[in-house]
Amino acid sequence: AGCVKGGQYELALALLDEMVLLEEMGHEEEHQSISPNVINFAVALSACKGAARGDRALEILQMMNHHGVEPNAVCYNNVLGALEASESDFTTAEQIYQQACDEGVYDLRNGHELDLHYCSAATARVATRHACKAVVA
């Protein structure tokens, strides 16, 4: 987290890569396994947002799945923020938002209202566009 706060985004991403590598090598006795958890992934995704690396955020999201780590709202907020910062197409952001909704991470509907109190600004923008598309359809 200190790397991200200090603007050392690439270092934060390199640390996650090192953890993943050590975990994969941990199957050999001479290497100690270090398994990345949701916090480690969330920090790396925050680095992606700061560095405007939407492509890397999508890779990390896939990596989480590969390692059996379930992304939470913080992770998805950071992925959507990274996609927005890197000016990725809206379709990708909407697909990620829908994935999070399908996984039960976001339940923003309160009747006919959209409750955005606990969303990041990027997530709120995607959720609003998604809701508007649903009304028009």
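The biggest cluster of nonpolar side chains holds 33 residues, and the ones touching the most others in it are Ile-60 and Leu-80. Looking at this core, the elements that each hand over two or more residues are α2 (9–25), α3 (38–50), α4 (54–66), α5 (73–85), α6 (90–102) and α7 (121–136). Among residues more than four places away in sequence, those in contact with Leu-80 are Ala-93, Ile-96, Tyr-97, Tyr-106, Ala-122, Thr-123 and Val-126.

Attention shifts here to the packing of aromatic side chains. For any two aromatic rings, the description comes down to two numbers: the centre-to-centre distance and the angle of the planes. Evaluation of the coordinates by the stated rule reveals two aromatic pairs. Between Tyr-97 and Tyr-106, the ring centres sit 5.7 Å apart and the planes meet at 20 degrees, which makes this aromatic pair stacked. Exposure class is identical for Tyr-97 and Tyr-106. Each is buried. Connected via pairs of aromatic rings, a cluster forms that spans Tyr-76, Tyr-97 and Tyr-106.

Under the definition given, this model contains six salt bridges. Residue Arg-53 pairs with Glu-10 through a salt bridge whose shortest N-O separation is 3.4 Å. Taken together, the positions of Arg-53 in the loop between α3 and α4 and Glu-10 in helix α2 put the pair 43 residues apart, joining distant regions of the chain. What makes Arg-53 partly exposed here is its relative accessible area of 26%. In this structure, Glu-94 engages Lys-133 in a salt bridge whose closest nitrogen and oxygen atoms are separated by 3.0 Å. One end of the pair, Glu-94, is in helix α6; the other, Lys-133, is in helix α7, with 39 residues separating them in the sequence.

Here α4 is 13 residues long and its end C-alpha atoms lie 19 Å apart, about the 18 Å a rise of 1.5 Å per residue gives. For α4, the set of buried residues is Gly-54, Arg-56, Ala-57, Ile-60, Leu-61, Met-63 and Met-64. The buried residues of α4 all sit within an arc of 165 degrees when viewed along its axis, so they share a single face. The exposed residues of α4 that point more than 90 degrees off its buried face are Gln-62, Asn-65 and His-66. In the core, the buried residues of α4 are packed alongside α2, α3, α5 and α6.

A few words on the side chain of Asn-78. Relative to the elements of secondary structure, Asn-78 occurs in helix α5. Taking the relative accessible area as the measure of exposure, Asn-78 reaches 8% and is therefore buried. Reaching out from Asn-78, the side chain makes a polar contact with the backbone oxygen of Ala-42 at a distance of 3.2 Å. If near-sequence neighbours (up to four positions away) are discounted, Asn-78 is found in contact with Ala-42, Leu-45, Ser-46 and Lys-49.

Reading guide: rules and limits
Residues numbered from 1 in each chain as written. Predicted model: local features only at pLDDT ≥ 70, side-chain atom pairs only at ≥ 80, totals over all residues. Heavy atoms only, no water. Core = buried A, V, L, I, M, F, W, Y, C linked by side-chain atoms within 4.5 Å. Buried < 20%, exposed > 50% of the residue type's maximum accessible area, 1.4 Å probe, protein only. Helix = DSSP H or I, 4+ residues; strand = E, 2+ residues; numbered from the N terminus. Contact = heavy atoms within 4.5 Å. Phe/Tyr/Trp six-rings, centres within 6.5 Å; stacked < 30°, edge-to-face > 60°. Salt bridge = Lys/Arg side-chain N within 4 Å of Asp/Glu carboxyl O. Expected span 1.5 Å × (residues − 1). Arc of directions from axis to C-beta. Polar contact = N/O pair within 3.5 Å; in protein donor to acceptor, adjacent residues only side chain to side chain.

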